[in-house]
Each structure stands twice: as C-alpha cells, then as structure tokens.
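Examining the three-dimensional arrangement
Each chain, letter by letter, is given below.
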Amino acid sequence: MTNAPMKSGAKPATPTGPSAPPFTPPPIVNLEDTGLSPLWLQDLVLKVMYFQGYLTGYKIAEEIALPFSGVVDQIVETLKREKLIEVRSSQMGLGEGAYLYAITGAGIARAREALERSQYAGPAPVPLGVYVESVLRQARSRVQVTSRVMRQVLSGLVLNENTFQALGPAVNSGTSIFLYGPPGNGKTSIARAIGNMLQAQSIYIPYAIYVDGQVIKLYDSVNHKLVQEEDTTYQGTGTLKAGSRRDPRWVRIHRPFIVTGGELTLAGLDLVFDDTLKYYEAPFQVKANGGILLIDDFGRQMVRPRDLLNRWIVPLENRIDYLTLHTGRKIEIPFDVLVVFSTNLPPKELVDEAFLRRLRHKIEIQDPSYEEYREIFRRVAAAKGVTYSDQGLAYLLQEWYVKRNRKLRANHPRDLCDQILDIAGYLNVEPEMSRELIDRAAKSYFVEL
C-alpha cells in the first residue's frame, strides 16, 4: 500500500545509451543561415576580442560557436576592411583561420558601445522561431513507457501495485503529477527514478536564444548534462571541427531533470534580466523543456501555493508559456515539461478542489506496510553491510513502533542502518541487528514529538 525509497547505492535500471533525437540542427553554410544580422555578429566578435585579446580566426569561430569557413571568415574580413581588427601574425600555408588577430582602437570603441547594450560574449544565439520549432519537433519523440519499462526503471524501489500502476500513465501524460503523502516515503526518489529514465533520451538545445536584439542564455552546465558526440563541433572547451554536420550553436544533452524547492519564487518563473550584464537567464521551466521539472517541498515556498498554481494554469493547459522581456514585450515559448509537484502537506491545506482538478494525475504515497518495511530494511542492510535479522526487525517493530504508536516510514531503515554503523564503529563490534545496537540506534534517531 505504499512506496519506499531506493536502496542505498542502487540506481534504477534505464535503457542503455541516449537515443538519437529526431531533430538535428542543420549545418551553417553562410551568414544568412545563422538568422542573425551581420552587424550583430560583428559586435559579438568584437566583444569576444575585447575581453580575450589576441585570437586566431579558428579560436574566434570556437568562441562564438560558428564555422570559420563561410561565416566567421566573412565577419573577420569586414572587420579588417573597416579597420576594427588587424592581423598581428600569420603562419604561411595554414590559411586565414590560423592568422592571429588583434582589436584596434576603433574596434575597442565600437566594442564598448556594444557592451553598453549587452555584455553577452559567448556562443552565437539562435532565433526564437528556430528554437520553438526544435522544441515542437523533439516533443513528438518522447518515449511512451509500458508496464515492463516502468518495472525495470523502478526496480530499485519497493512499490505496491496500486502506486506502480498509477505512475506509468502519469509519466506518459507528459503534463503534471501531484505526489503527496507523509515525509520520508520516497516521493523524491520516485521522481528521480522517472527522471533517470527520461535522461536515457537526448535532445538538442541552443546555448542561447535571440529575441529582438536580446539574448536569453539557455544552456546551463549545472542542470544540463552533455551527451558526447563523435561529430561534436563545439562544447565550451572543445575545438571547432571542419566539415561539421550540424549547427555548432547547439548542444546535445540528456533530457533535462531540474529540481527546485523552497527557493522557487514567482520571479524565478519569468525571464531574469541581469541589469549589469544586460542579458537574460532562462527560467527553470524553459531550461526543463523536453524533460521534467520537480517542484520539491511544494507549499513551503516563500509565495502562496495558490499563486504558484495560478502561474502554471496556462502552461499546463495550453502547453504554451508566456514570458516578458524588460521592454514589456511578451513572447510565446512551448511548454514541453512534465511538472512534478511533491509535497508532505495535506492537499486541503495547499489548494482547493478547482486547482487540484487542473493537475492531471494525483498519486498518494502512503506509509509502507510491515511487509514492505521488511523488504526495504533487508535491501538497505545488504547494501550498507549491516547483518540483517528477522528477529532483530521484529524486536525493532514491537519495541519502537507498536508500543510507541509510531508510524512506519520508508526512510527509517536507511537512517537506522546508518545509526547502527556509527555505533558499531565506535564500539568496535560487527554491525548487526542486535537488540543492543537497535536500542541505541533508535534512541539516538527517534525524537518524541
């Protein structure tokens, strides 16, 4: 009748290797293919050179994530002709890409003007329309999970059949899941197991998005995990390869799994404009496009749950999110996110029935049964090196649960085994489920409320 957290040291089984996404960014052949104005790209190159000093043509191409031949060479030629950069040295026979370039006084003046508008100096962004199309195309490639796949993915968890059967359809919905129930019963573990499954797939995202001269930084090295590619052209510290088979402004990542908790605010769900750097950071839900956004400890944020859910109504129902630029313009972004709300609080304390109706799947994660508790304890003890004993478990249940009217929690076996290990190490004895170690562990762990 319940779920339990993953045994210590275990990882849920997942399909091996990230499957290739159906969308591949087409190669860039000329300036027009970038969808950006030549003047904007010239300013980007000047800003990069202003910050970094002398650079070869190939290094400039790597820094702005565009091919040298047909694109960067044209930009460099224009900047040379306008005396904004100059050649400092050249290596015969290696081509213009190997020339070392320096920014001139006139180039520095123009770079400073550009920096007053925006200090973004990194991989060239892709136009908003191109990004929107990529999200829609890759949304259609989500794998529909079956009972067999779910059993493999959740094999590291102890789940009752009712909970298990509710999770599969919820994942396939790709919309929203509301996990609720007492603390310590594995709600976060369930979400992470599902996230690990989806991360077996991969998608392409751009480093940044271009909207009306503004840059929205999308790729986040903390939340996005790169997939290594044989034909990778640029990955931050990599080198640009000739003959790229795709647009190097994009990176291939595992489908995102992003977790946010009590720090979430309404402001964090809109574009975040840096007044100093003068460019935007994409909000959580945009970074999570194509994957999962877990809102942990829902109801413990600084803003009211009702206000947060009001913010989610349109995206959850229409699969479109509206973000606001600091100029006041609103832009449409696809909302291809499975949002998982996880809470320890009673639903009636958070929202009313009308709001709960908007959340597609509601799944209660209850306390474990005695049999489920035993299975969790057995797995955890084996993983942690504690000698398991049915007699010891029976003593623990009778003395520390039944007599004290204490509820079972799925995280207790893990925590009690850790206590036993700590105490056994101090006493220099074998970690086992003896009455003495159980009593000392339970007395140290449980607090009467």
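Residues numbered from 1 in each chain as written. Predicted model: local features only at pLDDT ≥ 70, side-chain atom pairs only at ≥ 80, totals over all residues. Heavy atoms only, no water.

The next thing to look at is the overall build of the protein chain. Across its full length, the protein chain carries 16 helices and 17 strands. Viewed in the frame of its principal axes, the protein chain has a C-alpha envelope of about 85 × 55 × 40 Å. Going through the 449 residues of the protein chain one by one, you find that 53% of them count as buried. Here the analysis covers contacts within the protein chain between residues at least 6 apart in sequence; of these, 76% occur between residues at least 24 apart. When the accessible surface of the protein chain is summed, it comes to about 20,500 Å², and 50% of that surface belongs to carbon and sulfur atoms. (Helix = DSSP H or I, 4+ residues; strand = E, 2+ residues; numbered from the N terminus. Buried < 20%, exposed > 50% of the residue type's maximum accessible area, 1.4 Å probe, protein only. Contact = heavy atoms within 4.5 Å. Areas by Shrake-Rupley, 256 points an atom, 1.4 Å probe, with all protein chains shown as cover.)

Our focus in this paragraph is helix α15 (residues 412–427). With 16 residues, α15 extends 22 Å between its outermost C-alpha atoms, agreeing within 8% with the 22 Å of an ideal straight helix rising 1.5 Å per residue. Of all the residues in α15, the buried ones are His412, Pro413, Asp415, Leu416, Cys417, Gln419, Ile420, Ile423 and Ala424. Downstream of α15 by one or two residues, Asn428 has phi in the positive range, about 60°. (Expected span 1.5 Å × (residues − 1).)

Inspection of the entire model under this criterion finds 17 aromatic pairs. Ring geometry for Trp40 versus Tyr210: centroids 5.3 Å apart, planes at 80°, classification edge-to-face. Of the two residues, Trp40 is situated in helix α1 (residues 38–52) and Tyr210 in strand β7 (residues 208–211); the sequence distance between them amounts to 170 residues. Taken as a pair, Trp40 and Tyr210 share a single burial class, namely buried. Centre to centre, the rings of Tyr120 and Tyr279 are 5.4 Å apart; their planes meet at 85°, and the pair counts as edge-to-face. One end of the pair, Tyr120, is in the loop between α4 (105–117) and β4 (126–127); the other, Tyr279, is in the loop between β11 (272–273) and β12 (280–281), and 159 residues separate them in sequence. Note on Tyr120: relative accessible area 6%, which makes it buried. A connected cluster of aromatic rings, assembled from ring pairs, spans Tyr373, Phe377, Trp400, Tyr401, Tyr445 and Phe446. The ring of Trp40 has Lys47 lying over it, and the distance from NZ or CZ to the ring centre is 6.0 Å. The ring centre of Trp400 lies 3.8 Å from the NZ or CZ of Arg404, which sits over that ring. (Phe/Tyr/Trp six-rings, centres within 6.5 Å; stacked < 30°, edge-to-face > 60°. Lys NZ or Arg CZ within 6 Å of the ring centre and 35° of its normal.)

Here we come to the pairing of strand β16 (residues 338–343). Extensive coverage of β16 is indicated by the burial of six of its six residues. Here strand β5 (residues 176–180) runs beside β16; their pairing, made up of five bridges, is parallel. Its bridge partner lying in β16, Leu179 is registered against Ser342. (Pairing = 2+ DSSP bridges.)

On to the pattern of salt bridges. Throughout the structure, instances matching the rule amount to 23 salt bridges. The partner of Asp220 in a salt bridge is Lys287, with the nearest N and O atoms 3.1 Å apart. Note that Asp220 is positioned in the loop between β8 (214–217) and β9 (250–254) and Lys287 in helix α9 (residues 284–287), a separation of 67 residues in sequence. Overall, Asp220 belongs to the buried group, its relative accessible area being 11%. Classification of Lys287 by relative accessible area gives buried; the value is 9%. Notably, a salt bridge pairs Asp367 with Arg409, separated by 2.6 Å at the nearest N-O pair. Of this pair, Asp367 sits in the loop between β17 (361–364) and α13 (370–384) while Arg409 sits in the loop between α14 (390–402) and α15, and the two are 42 residues apart along the sequence. A residue is classified by how much of its surface remains accessible, and Asp367, at 18% relative accessible area, is buried. Taking the relative accessible area as the measure of exposure, Arg409 reaches 17% and is therefore buried. (Salt bridge = Lys/Arg side-chain N within 4 Å of Asp/Glu carboxyl O.)

Attention now goes to the sheet that holds β17. Sheet strands line up and pair through hydrogen bonds in the backbone, either parallel or antiparallel. One open sheet accounts for five strands, arranged β10-β13-β16-β5-β17; its pairing is parallel. Looking at strand neighbours, the two that pair on one side only are β10 (257–260) and β17, the edges of this open sheet. In this sheet, adjacent strand axes meet at a mean angle of 15° when their direction is disregarded. Sheet topology places β5 next to β17; four bridges connect them, and they run parallel. Its bridge partner being in β17, Leu179 is matched across the sheet by Ile363. Sheet strands touched by helix α7 (residues 161–173): β5, β16 and β17. Its angle to β17, the strand with the most contacts, is close to 155°. (Axes fitted to C-alpha atoms, helices over the stretch in contact; angles between N-to-C directions.)

Within the largest apolar cluster, 32 residues are counted, with the highest numbers of intra-cluster contacts made by Leu41, Met49, Ile60 and Val72. Contributions of two or more residues to this core are made by α1, α2 (57–64), α3 (68–81), β3 (100–103) and β7. Discounting chain neighbours no more than four positions away, the residues touching Val72 are Gly57, Ile60, Ala61, Ile64, Leu66 and Pro67. (Core = buried A, V, L, I, M, F, W, Y, C linked by side-chain atoms within 4.5 Å.)

A separate point is the environment of Arg374. As for its placement among the helices and strands, Arg374 is situated in helix α13. If we ignore the near neighbours within four places in the chain, the residues touching Arg374 are Tyr388, Asp390 and Leu393.

Glancing now at the sheet that holds β3. The strand order β1-β3-β2 describes an open sheet built from three strands, whose pairing is antiparallel. The strands lining the two open edges of the sheet, one partner per strand, are β1 (55–56) and β2 (85–89). In the sheet, β2 pairs with β3 via four bridges, with the strands oriented antiparallel. Paired with Glu86 across the two strands is Ala102, which belongs to β3.

Put simply, the protein chain has an average pLDDT of 88, and 91% of its residues get 70 or more. Least confident of the elements in the protein chain is helix α12 (residues 353–358), whose mean pLDDT is 78; most confident is β4, at 98. Per-residue pLDDT stays below 50 along residues 232–243; that stretch engages in 33 contacts with residues further than four places along the chain or on separate chains. (pLDDT = per-residue confidence, 0-100.)

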